[in-house]
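Chain by chain, the residues:
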Amino acid sequence: MKLIKNPFRAESRDFPLPDGIPYPQDDPGPVLALLRRCPVAQITPLTTLPDLARDSHIAALWVKDERTRMGLGSFKALGAAHVIAHAAAALSPEDPVGALGGHTFVTASAGNHGLSVAAGAAVFGARAVVYLSDTVPDSFALRLRAKGAEVVRSGRNYEDSMQAAAEAADAKGWTLLSDSSWEGYTEIPQRLMQGYLALMAEVGEQLHPAPTHVFVQAGVGGLAAAVAAATRRLWGEAPRVIVVEPDAAPCVAQSLDNERFTPVRGPVSDMGRLDCKEASMIALRGLARDADAVVTLSDAEVNAVLPRLAELGLATTASGGASVAAVLSSRAHRTALALEESSRVLAFVTEEP
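Each chain carries its own residue numbering, running from 1 in the direction its sequence is written. Only residues with pLDDT of at least 70 are given local features in this predicted model, and only at 80 or more are side-chain atom pairs given and counted; all residues enter the totals for whole chains, interfaces and linings. Side-chain metrics in this entry use all non-hydrogen atoms of the structure; hydrogen atoms and water are not considered.

Okay, the sheet that holds strand 3 (residues 60–65) next. Taking strand neighbours across the sheet as the criterion, the seven strands line up as 1-10-9-8-11-3-2 in an open arrangement whose pairing is mixed. In this open sheet, the two edge strands, each paired with only one partner strand, are strand 1 (2–5) and strand 2 (46–48). Averaged over all adjacent pairs, the angle separating strand axes in this sheet is 25°, with direction ignored. Strands are treated as partners if at least two bridges between them are detected by DSSP. Secondary structure is summarised from DSSP: a helix means a run of H or I of at least four residues, a strand means a run of E of at least two, and numbering begins at the N terminus for each. Across two bridges, the pairing between strand 8 (residues 213–217) and strand 11 (residues 344–349) is parallel. Each bridged residue has a counterpart across the sheet, and for Val-214 the counterpart in strand 11 is Leu-346. Axes here refer to lines fitted to C-alpha atoms; in helices the fit is confined to the stretch in contact. Angles between the N-to-C directions go from 0 to 180 degrees.

On to the nonpolar core. Only buried Ala, Val, Leu, Ile, Met, Phe, Trp, Tyr and Cys residues count toward a nonpolar core, and they belong to the same one when joined by side-chain atoms within 4.5 Å. Partly exposed residues are those whose accessible area sits between 20% and 50% of the maximum for their type, while under 20% is buried and over 50% is exposed, using a 1.4 Å probe and protein chains only. If you look at the biggest cluster of nonpolar residues, it comprises 91 residues, and the most contacted ones within it are Leu-144, Leu-177 and Met-200. With eight residues, the top contributor of residues to this core is helix 10 (residues 222–235). For Leu-144, the contacting residues outside a window of four places in its chain are Gly-114, Leu-115, Ala-118, Val-130, Leu-132, Ala-149 and Val-151. In this structure, Leu-61, Val-244, Leu-314 and Val-349 belong to the second largest nonpolar core, which totals 30 residues. Any two residues whose heavy atoms approach within 4.5 Å are treated as being in contact.

Right, let's get into the side chain of Ser-161. With respect to the helices, strands and loops of the structure, Ser-161 is situated in helix 7 (residues 158–172). For Ser-161, a relative accessible area of 0% corresponds to the buried category. Here Tyr-158 takes part through its backbone oxygen, which lies 2.8 Å from a polar atom of the side chain of Ser-161. What qualifies as a polar contact is a pair of N or O atoms within 3.5 Å, subject to a donor-acceptor requirement within protein and to the restriction that residues adjacent in sequence count only when both atoms come from side chains.

Here a cavity means grid points, on a 1 Å grid over the protein atoms only, where a 1.4 Å probe fits yet cannot get out; a pocket means an open set of points with protein on both sides within 12 Å along at least five of seven lines; lining residues are those with an atom within 4 Å of a point. Grid points are joined across faces, edges and corners, and a volume is the space filled by probe spheres set on the points. Tallied over the full model, the rule gives one cavity of 30 Å³ or more. Forming the walls of the largest cavity are 26 residues, and the residues nearest its centre are Phe-75, Lys-76, Asp-179, Gly-219 and Arg-273. Elements that contribute at least two residues to the lining of the largest cavity include exactly helix 5 (112–124) and helix 10. The leading source of residues in the lining of the largest cavity is helix 10, at three residues. Any residue that is not Ala, Val, Leu, Ile, Met, Phe, Trp, Tyr, Cys, Pro, Asp, Glu, Lys or Arg is counted as polar, Gly included; the first ten are nonpolar and the last four charged. Partitioned by chemical class, the residues of the lining of the largest cavity number eleven nonpolar, eleven polar and four charged.

What follows concerns the side chain of Arg-67. Positionally, Arg-67 belongs in the loop between strand 3 and helix 4 (80–91). A polar atom in the side chain of Arg-67 sits 2.8 Å from the side chain of Asp-65. From its side chain, Arg-67 meets the backbone oxygen of Gly-313 in a polar contact 2.9 Å long. Apart from the residues within four sequence positions on either side, Arg-67 is in contact with Gly-73, Ser-74, Gly-313, Leu-314, Ala-315, Val-349, Glu-351 and Glu-352.

Running from amino to carboxyl end, helix 4 crosses helix 5 at an angle of 25°, the nearest separation of the two axes being 7 Å. What the angle tells us is that helix 4 and helix 5 run roughly parallel. Every pair of crossing elements has a handedness; the one defined by helix 4 and helix 5 is right-handed. Residue-level inspection shows Ala-80, Ala-81, Ile-84, Ala-85 and Ala-88 of helix 4 in contact with helix 5, the latter providing His-113, Ser-116, Val-117, Gly-120, Ala-121 and Phe-124. Residue composition of the contact of helix 4 with helix 5, by class: eight nonpolar, three polar and no charged. Orientation is classified from the angle alone, with under 35 degrees giving roughly parallel, over 145 giving roughly antiparallel, 65 to 115 giving roughly perpendicular, and any other angle giving oblique. Two helices crossing with the near one rotated counterclockwise from the far one by less than a right angle form a left-handed crossing, whereas a clockwise rotation gives a right-handed crossing.

So yeah, pure geometry; function would need other evidence.
Here it is, written out as structure tokens:
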């Protein structure tokens, strides 16, 4: 485990990015209004883990369990589906179901984002096309097709499949629905990240007293930035926000440490949904403002925790358990992270196994 402190938060500086890159949203109101109209939307549980808290020498460890979110198996259900629902409601406020007939959304996915695109498109009458790299298992392609998506194989890794999806969008007039952001592409990913605020609105109702620390995993950084922004809105500046990344893909850590946008290279990580070599620019802007530090973990450190989580009824993947693993692996950095016997920590299990 390695620790990178965020110099931008300590010095209240803006992260250097191209003009026009916005901050993440922090208001969950529009998302909750749409969710109230969704028949499969339900609050996910917040679970307390006293044994793991004891092992970590802290007062409390809470886990927001996103494995049952809207029947799709992960927090990602709140993202792309929110973008599609917003587009449908804008066209037909009174009856958005089926409002997007003839419209095509295209994306690349290394996991659950594609399911959210497929499910949202199916509800609102749109077509979903999902590009997968060669590293994505065939079982996931079958799940996407079962949700009504068309699957296209392209590229050796996520970045290659994302490029192919973007090229298809340009060539065919489709709407690119990425969970990342870059210069000139910000409106859709900002709205997608806003969808994740719903889970933190639930945490705000479920969790008392406030946490002293929030550990949250990052791929391109969308969930982490939304959680960090919501943390500041809910509880102010006091909680420490710790971003968790694979050591094979430390795109947020290296960007903050280098003080510039930094794509990274590295081997394939077992944390497949977090194995992203370029951060979302919107996420970086938000995390530079709101996060206190980034920690990177090896596959071995995360995999060692998964059997324990399964025993506690929280079976998940390496990606899903990364933030809990970071809490349990943080003993060497307790002083830097201000972790004490009285600390109260919030973490996330983000997906089903």
